[in-house]
Amino acid sequence: MIDWRKTAALFPGQGSQILGMGADFARAYEIARDTFAEADEILGFSLSEICWQGPAAALDQTAKTQPALYVTSLAIWRVLRDLLPATEPAWMAGHSLGELSALAAADALDFAAGLRLVRARGNLMQRAGESQPGAMAAILGLEIAVVRDLCSAVAQESGGTVVLANDNCPGQAVVSGDVPAVEELIKAARAAGARRAVRLAVSVAAHSPLMSAAQADFHDAVQATEFNSPVIPVIGNVSAQPLDTTDQIRAELNQQLTQPVRWAESMTALIEAGAHTFVEIGAGKVLTGLLRRIDRQKTRINIDSLPAFELFLEAQT
């Protein structure tokens, strides 16, 4: 049985999606079915069908991926709280899009308002990628400071845009920017001794200045959304600090699309605060995988499928 007073709940972001996610929970639990049905009604199309039946190409569209991940995480979270009412992690965090899932789970905004905000975010980011295509690349095996310096050097030499987008864990960074600059960064990273430097299968330059127009429009959506102070502290991606007030939440989200995800720093902050167990709620195992590279001594739990959830329940009762 885990000690919730030393537990952080983590919520995955884009890249964790998988066809069929959430379907087993919806079959087994009414509250999960209702969550997907509520989402379908709010969105005006069958997100549940896209999540469970695809096609995969539709699920992988940014405008569909982001709501799908949000709804899947919240459906599982609702089942968890329904069956284990005493469940209350000491902290929460979410990677990029997952930050909005964490805020909703922490009651900083209600499910419907959060879904509308996520839909706006996904639509704006997809539109930005279509009007101003960009690229992202994973850089493995270099110190984060080296990656930052390479980005600065390449941007200065090329006149293009390439920046650190994600500081995921020691030895794993993601860069983002315009296509030529990212390609040059990949070459520079390999020359600097990177174990791997490879473009990701996206056309959206997330967490970079290329998202400035989308961020400006997202600001309007954030301002139109009602927030509450979180009942559970949520660690922000931009600040790597707790978001305790509605003003802090708005300030965080109004920078989120153009600023890097400081994930390694966020996890270090949780560990230093006393977190020992980390429970990833939603599709995939990306975040617990990153945690293993940050501190392999911490307990890592994934609730991404019904069998995994049932094993978790057995351990808590």
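Structural data are supplied above this passage.
This section reports on the structure supplied with the text. (Residues numbered from 1 in each chain as written. Predicted model: local features only at pLDDT ≥ 70, side-chain atom pairs only at ≥ 80, totals over all residues. Heavy atoms only, no water.)

## Focus: unusual backbone geometry
Applied cut-off: Only runs of H or I of at least four residues qualify as helices and only runs of E of at least two qualify as strands under DSSP, and these elements are numbered from the N terminus. Working definition: with a 1.4 Å probe on protein chains only, accessible area under 20% of the residue-type maximum means buried, over 50% means exposed, and in between means partly exposed.
In this structure, Pro55 follows Gly54 across a cis peptide bond, with omega equal to 10°. Along the chain, the position of Pro55 falls in the loop between α3 (47–53) and α4 (56–59). A positive phi is found at His207, a non-glycine position, where the angle reads about 55°. Its place among the elements puts His207 in the loop between β6 (196–199) and α10 (212–223). Given a relative accessible area of 3%, His207 falls into the buried group. Despite not being glycine, Ala240 has its phi angle at roughly 55°, a positive value.

## A short note on the sheet that holds strand β5 (residues 172–177)
To be explicit about the condition: One requirement defines pairing of two strands: DSSP has to find at least two bridges between them. Every angle, taken between N-to-C directions, lies between 0 and 180 degrees, and every axis is a line fitted to C-alpha atoms, over only the stretch in contact when it is a helix. In what follows, residue pairs with any heavy atoms lying within 4.5 Å of each other are defined as contacts.
Sheet architecture is open: four strands sit in the order β4-β5-β3-β6, paired in antiparallel fashion. Whereas interior strands pair on both sides, the edge strands pair on one side only; in this sheet they are β4 (162–169) and β6. On average, adjacent strands in this sheet sit at an angle of 20° to one another, irrespective of strand direction. Bridging between strand β3 (residues 135–140) and β5 involves six bridges; their strand directions are antiparallel. In the strand pairing of β5, Ala135 is matched with Gly177. In the packing of helix α8 (residues 144–158) onto the sheet, contacts are made with β3, β4 and β5, and the angle to β4 comes to roughly 170°.

## Describing the pattern of salt bridges
Counted only if it meets this: By salt bridge we mean one thing: a side-chain nitrogen of Lys or Arg within 4 Å of a carboxyl oxygen of Asp or Glu.
Summed over the entire model, instances satisfying the criterion amount to seven salt bridges. With a shortest N-O distance of 3.1 Å, Glu183 and Arg199 are connected by a salt bridge. Placement of Glu183 in helix α9 (residues 179–191) and of Arg199 in strand β6 is noted, with a sequence separation of 16 residues between them. The exposure class of Glu183 is partly exposed, given its relative accessible area of 32%. By relative accessible area, which is 33% here, Arg199 ends up partly exposed. The partner of Lys187 in a salt bridge is Glu184, and the shortest N-O contact between them spans 3.4 Å. Linking Lys187 with Glu184, this pair stays in helix α9, spanning three residues, or about one helical turn. According to the relative accessible area criterion, Lys187 is exposed, its value standing at 52%.

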